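Descriptive analysis of the structure
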Amino acid sequence: ATLDLYLNPTIFRYLRLIFERPPVATQSLYFEWGSQQQLHRDPVHVVMKPPSHLAAAWIALEDLEPGCGPLTYVAGSHRLPYYQIEPGEYRFDHYKHTDQDAEAMSRWDLENCERHGLEVKPFLARRGQVLLWHHSLLHGGSYPEDPALTRKSFVVHYTTMDHYERAAQTVMLRDAPGADPQPHQVASFRVLGRDGCYGFASPLAVGSSA
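Residues numbered from 1 in each chain as written. Predicted model: local features only at pLDDT ≥ 70, side-chain atom pairs only at ≥ 80, totals over all residues. Heavy atoms only, no water.

Looking now at the pairing of strand E7 (residues 153–160). Among the eight residues of E7, eight are classified as buried, and the element is accordingly described as predominantly covered. Here E7 shows no split at all, with Ser153, Val155, His157 and Thr159 on one side and Phe154, Val156, Tyr158 and Thr160 on the other all buried. Bridge count between strand E2 (residues 55–60) and E7: six bridges; the pairing is antiparallel. Residue Ala55 lies in a different strand from E7, and its bridge partner there is Tyr158. (Buried < 20%, exposed > 50% of the residue type's maximum accessible area, 1.4 Å probe, protein only. Helix = DSSP H or I, 4+ residues; strand = E, 2+ residues; numbered from the N terminus. Pairing = 2+ DSSP bridges.)

See below:
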């Protein structure tokens, strides 16, 4: 069932129209509960070269209720400039940037949206609905008002096939038994294919241990 979503032909058809070239799925995430993520742009955390060759799909696995902590987004925010953590640097590096840097970025983005009259809106999807978003769209996860409600959803990031070998995924791995997981950039060059749709195999399947 997961592979059916990861290599969904309808989503790939839209992505071919958007990219004007063959897409490839690079990574996926499953959420059972509201993520409570701050508003962010994917290229800040998900590195693709070039950054413009990045898109994402958010797939609802159930009907979502308002109190579940739904996905939020800011329509039109993809046209706004990026916050620069350092001069000319907008990517967040987990090895050198801090939680304070992330909070400053989030505050700046919210204030910039307010200055342009852009509002944060919830995506209260029905089961099976998909939100495809521009790589620079600000999005996040709201606070769940009812902790008993789930927000089952599946997210896939995509790039273009002619750039897939440059892409990498950040995964949390333990450097030693019992150690705290640390972020690692892991490239996966093994590609799955089905009916003309292609995606990376999991980087955890190429010799890494979680």
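With respect to the element layout, Asp109 can be found in helix H4 (residues 99–115). Overall, the relative accessible area of 4% leaves Asp109 in the buried class. Leaving out residues up to four positions away in the same chain, Asp109 has contacts with Arg41, Tyr83 and Leu138. (Contact = heavy atoms within 4.5 Å.)

Further remarks concern the environment of Lys49. Relative to the elements of secondary structure, Lys49 occurs in the loop between helix H3 (42–45) and E2. With 110 residues separating them along the chain, Lys49 and Thr159 place their C-alpha atoms 8.8 Å apart.

Let us look at the packing of aromatic side chains. The full count for this structure, using the stated rule, is four aromatic pairs. Each ring, one from Phe12 and one from Tyr158, has its centre 5.7 Å from the other, and the planes form 90°; the classification is edge-to-face. On the criterion of sequence distance, the pair formed by Phe12 in helix H2 (residues 9–19) and Tyr158 in strand E7 is long-range, its members being 146 residues apart. Each of the two residues, Phe12 as well as Tyr158, counts as buried. Summarising the aromatic geometry, the rings of Tyr83 and Trp108 are spaced 5.7 Å apart at their centres and angled 55° between planes, so their arrangement reads as tilted. With Tyr83 in the loop between strand E3 (71–73) and H4 and Trp108 in helix H4, this residue pair connects regions lying 25 residues apart in the sequence. The exposure class assigned to Tyr83 is buried, which follows from its relative accessible area of 19%. The ring of Tyr14 carries the charged tip of Arg13 above its face, separated from the ring centre by 5.1 Å. (Phe/Tyr/Trp six-rings, centres within 6.5 Å; stacked < 30°, edge-to-face > 60°. Lys NZ or Arg CZ within 6 Å of the ring centre and 35° of its normal.)

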